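Spelled out from the first residue to the last, the chains are:
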Amino acid sequence: MKIDCIIVEDEPLALERTREYVEKLSFLFLRATFDNALDALAFLRETSVDLIFLDINLGEFSGIQLLETAAVSAQVILTTAYGEYALRGYELKVADYLLKPFTFERFVRAVDRAASLLPKKKPAAPPRKFIFVKTENRLEKIVLRELLYIEGMRDYRRIQTVNKSVMTLQTFAEFERQLPPAVLCRVHKSFMVAPDRIDSIEKDRIRVGDRTIPISETYKARFFRLIGHRPAD
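Criteria and cut-off values
Residues numbered from 1 in each chain as written. Predicted model: local features only at pLDDT ≥ 70, side-chain atom pairs only at ≥ 80, totals over all residues. Heavy atoms only, no water. Helix = DSSP H or I, 4+ residues; strand = E, 2+ residues; numbered from the N terminus. Expected span 1.5 Å × (residues − 1). Buried < 20%, exposed > 50% of the residue type's maximum accessible area, 1.4 Å probe, protein only. Arc of directions from axis to C-beta. Contact = heavy atoms within 4.5 Å. Phe/Tyr/Trp six-rings, centres within 6.5 Å; stacked < 30°, edge-to-face > 60°. Pairing = 2+ DSSP bridges. Axes fitted to C-alpha atoms, helices over the stretch in contact; angles between N-to-C directions. 1 Å grid on protein atoms, 1.4 Å probe; cavity = no way out; pocket = protein on both sides within 12 Å on 5 of 7 lines; lining within 4 Å. Points joined across faces, edges and corners; volume = space filled by probe spheres on them. Nonpolar A, V, L, I, M, F, W, Y, C, P; charged D, E, K, R; others polar.

Caption draft 1: Spatial organisation of helix α5 (residues 104–117). Its 14 residues place the ends of α5 20 Å apart at the C-alpha level, agreeing with the 20 Å of an ideal helix rising 1.5 Å per residue. For α5, the full list of buried residues reads F107, A110, V111, A114 and A115. Along the long axis of α5, the arc covered by the buried residues comes to 135°, so they all point the same way. When the buried face of α5 is taken as reference, the exposed residues oriented beyond 90 degrees from it are E105, R109 and S116. Buried residues belonging to α5 abut β1 (3–8), α1 (12–24), β2 (28–34), β3 (51–55), β4 (75–80) and β5 (96–99).

Caption draft 2: Region of interest: the packing of aromatic side chains. This model, assessed by the stated rule, comprises ten aromatic pairs. On the numbers, 5.2 Å between centres and 55° between planes, the contact of F34 with F43 is tilted. Owing to a relative accessible area of 5%, F34 belongs among the buried residues under this scheme. Here F43 falls in the buried class, since its relative accessible area comes to 4%. Taking the centre distance of 6.3 Å and the plane angle of 20° together, the rings of F104 and F107 count as stacked.

Caption draft 3: Spatial organisation of the sheet that holds strand β14 (residues 205–208). Strand order in the open sheet formed by three strands is β13-β14-β15, with antiparallel pairing between adjacent strands. A strand with exactly one partner marks an edge of an open sheet, and here the two such strands are β13 (200–202) and β15 (211–214). Neighbouring strand axes in the sheet, compared pairwise and without regard to direction, differ in orientation by 25° on average. Note that β14 and β15 share four bridges and pair antiparallel. The partner of V208 across the bridge, within β15, is R211.

Caption draft 4: Inspection of the layout of surface pockets at higher detail. Taken as a whole, the second largest pocket encloses approximately 430 Å³ of empty space. As for the second largest pocket, its lining consists of 19 residues, and the residues nearest its centre are R19, T33, E217, K220 and A221. At the level of elements, α1, β2 and α7 (217–227) are the ones that each hand at least two residues to the lining of the second largest pocket. If you tally residues by element for the lining of the second largest pocket, the top one is α7, at six residues. Within the lining of the second largest pocket, the residues separate by chemical class into five nonpolar, five polar and nine charged.

Caption draft 5: Spotlight on the side chain of T18. With respect to the helices, strands and loops of the structure, T18 is situated in helix α1. Overall, the relative accessible area of 3% leaves T18 in the buried class. Beyond its immediate chain neighbours, meaning those up to four positions away, T18 contacts I7, F53, F102 and F107.

Structure follows, in structure tokens:
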């Protein structure tokens, strides 16, 4: 079972260690990393994940405060250097509590415990060939093999295909629920791209036809993992 996860950690070395542990487990798919809880909260309000690796001391808005919001519906593994928060963590029904520095073996046990608490996912349905999106007073058919990218434009999203552009109020979060990252991948707060349609990648820029699309830090790790490469320095 594939488990979508994020890391919320403000210590660079601790973040890198947790990222390395995540990448060792093939069933974990890292969607994004955050160095503060407010950015993580904004992400979680639009995107659902299965598991959160969450530090507690994150400045003005703590990991505990994030846990107390309605945006968190995932299993949570707390990662902290302070043992005194353990009781509060368990009151909030976290899956596990990792005291830094923790070993890979202890990390795996925590992930296994969190995985056992996740609802069983249904077998994957056959790949979709098209979707319908609402535009003005009609439903417009979008053939997925013709999809190039989607661009956010204030309240609207502009769907660009090989043959047409379609404006819709459908949100990026709705597209992410409809389609897997292999078909349509979020790379920026204002862009999703069809990986099959990418012509080239240079540092933090994607080329799709004559359009250049930025890759943001929030989505960089997930995107490069999807295409099987590490980000360029």
